[in-house]
Structures are given as structure tokens and as C-alpha cells.
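Topology and contacts: notes
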Amino acid sequence: MTDSSSVPDDPVEKLLRSARDEAVDEEFHVTGVMMQYYEVCERELWFASRYLEIDRDNAAVVRGTQVDESAYEEKRRNVSIDGTIAIDVLDDGRVMEVKPSSSLVDPAKLQLCYYLWYLDRVVGVEREGVLAHPTERKRETVELTEKRIEWVEESIRDVYDVVTSDSPPPAEEKPFCDSCAYHDFCWSC
Ligand code: SF4
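Quick look at the structure, then.

**Here's the deal with the pairing of strand E4 (residues 129-133)**
Burial of E4 is extensive: four of the five residues sit out of reach of the surface. Both strand E3 (residues 95-98) and E4 contribute to a ladder of four bridges, which runs parallel. If you follow Met-96 over to E4, its bridge partner there is Val-130. One ladder, built from five bridges, connects E4 with strand E5 (residues 138-142); its direction is antiparallel. The residue bridging Ala-132 from the neighbouring strand is Arg-139, located in E5.

Right under this line is the structure:
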């Protein structure tokens, strides 16, 4: 695996130093959900970074939670690392990410690639991932390729820019705005 940038102000470097408890002028932590939000909508990421309460009764959120909690539960165990990321590990050591639908495959894949990157760069173990959509009976093996490492690290830099901004990115209508927990923040007049 190639090293990420060694420029001290690089957000990737900040994240790595924070995760390793090394001296850093400004701690920077990124969760898997933050990566997913970033890929879905940068404005959603900004709201979430301000701890604006998500609507747990939102049908899409409830459905996602129920599928995630029940699928393959007998074959995977949850592992928390540094209090920053929580991953599901299968008996064979692969990291599993379960999503109800493949309609937002890129956000789910970025989240999973970030877990694999974090394991590699912070913990020092290489793992394969599995992206599963049980309601569609689909599973895909995900490996941390050089291209995906670049994707993860560029995304970390973008996440940093979004969450350190004083104001949210402008609302841009997307196909899934209707099911977004922050819909009322964007489109109520
Ligand atoms: S409603 Fe749409 S624009 Fe607003 S945060 Fe959600 S996905 Fe983003």
C-alpha cells in the first residue's frame, strides 16, 4: 500500500495522527457514516456534523436500521475501533456492510472502503470487504485497490472541508431528498 501524503496540514495526516494518539494541533476523526453522508450529499454531512437530530421515525431510516440489525446477525460480530468506527466482521475475517438496497451503492461502497483503509492504515491489518443487500439477495466482494485508496483519501479531504466550513453547502435537489431526514431543513418555505 502506498503512504498517504506526509504534509502536516493534510486532513488525511491529521486523521491518522489523531487515530494514533499522536500530537496534533487539531484532532480530526471521521466515522463511516460521515463518509456515507458525504457521498450522498455534502449538505447532509454538514448537518450531521452539527449533531442535528435525525428523525428516527423517518421510514427510510427505520427500514435501513431494521435490515442492518437483523441480516446475517448469526455470522457477524460488531467490533468498535478507537471509538471512531464500528465494523461488522464475519467469521472468515472479512468486513461486512449491509444495506437494504443497492440504489445508493457508491455511498455504501465508500463507507466500506473507508473501513478497509482505516484497518490497513491505523490498525495494520489488510482485510477484504463484503457489501450485502439481503433484501435483493446480492453480495459483492470489495477489495482495497490503489484506486479506492485514492478515492477514500480524496473523500477524507473533502469531508474535512465540509465539516470545518461555517455554513452548509447549498441545497441541491436530489432524487432521494424526499426520504432524507433533513428534508425540512432544505425545502420548507
Ligand atoms: S434534503 Fe436533499 S439537499 Fe437536503 S440534506 Fe437531504 S439530500 Fe441533501
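**Focus: the sheet that holds E4**
With respect to topology, five strands assemble into an open sheet ordered E1-E2-E3-E4-E5, the strand pairing being mixed. Two strands bound the open sheet, and with one partner strand each, they are strand E1 (76-81) and E5. With direction set aside, neighbouring strand axes in the sheet form an average angle of 35°. Alignment of E1 against strand E2 (residues 85-90), held across six bridges, turns out to be antiparallel. Bridging from a neighbouring strand, Ile-81 pairs with Ile-85 of E2.

**Examining the nonpolar core**
Generally speaking, a soluble globular protein has its nonpolar side chains buried in company with each other. In this structure, Met-34, Leu-45, Leu-112, Cys-113, Tyr-114, Tyr-115 and Leu-116 are the most contacted members of the largest nonpolar core, which totals 35 residues. Taken together, the elements giving at least two residues each to this core come down to helix H1 (11-19), helix H2 (32-40), helix H3 (42-49), E2, E3, helix H5 (105-123), E4 and helix H6 (146-163). Examining the composition of this core, we find that 10 residues originate from one element, H5, more than from any other.

**Section: the pairing of E2**
Hairpin geometry of E1 and E2 is characterised by an intervening segment of three residues between the two adjacent antiparallel strands and by a positive phi of about 60° at Asp-82. Remark: four residues form the turn of the hairpin made by E2 and E3, two consecutive strands paired antiparallel; Gly-93 in that turn has positive phi of roughly 95°.

**Some thoughts on the environment of Trp-46**
Turning to its location among the elements, Trp-46 is positioned in helix H3. Look at Trp-46 and you get buried, because 21 C-beta atoms sit within 10 Å. Each C-alpha atom, one on Trp-46 and one on Val-163, is 5.5 Å from the other, the two residues being 117 residues apart in sequence. Those residues in contact with Trp-46, other than ones at most four positions away along the chain, are Val-162, Val-163, Ser-165, Pro-168 and Pro-169.

Each value, and the rule that gives it
- Residues numbered from 1 in each chain as written.
- Predicted model: local features only at pLDDT ≥ 70, side-chain atom pairs only at ≥ 80, totals over all residues.
- Buried ≥ 20, exposed ≤ 12 C-beta atoms within 10 Å, placed from the backbone.
- Helix = DSSP H or I, 4+ residues; strand = E, 2+ residues; numbered from the N terminus.
- Pairing = 2+ DSSP bridges.
- Axes fitted to C-alpha atoms, helices over the stretch in contact; angles between N-to-C directions.
- Core = buried A, V, L, I, M, F, W, Y, C linked by C-beta atoms within 7 Å.
- Contact = placed C-beta atoms within 7 Å.

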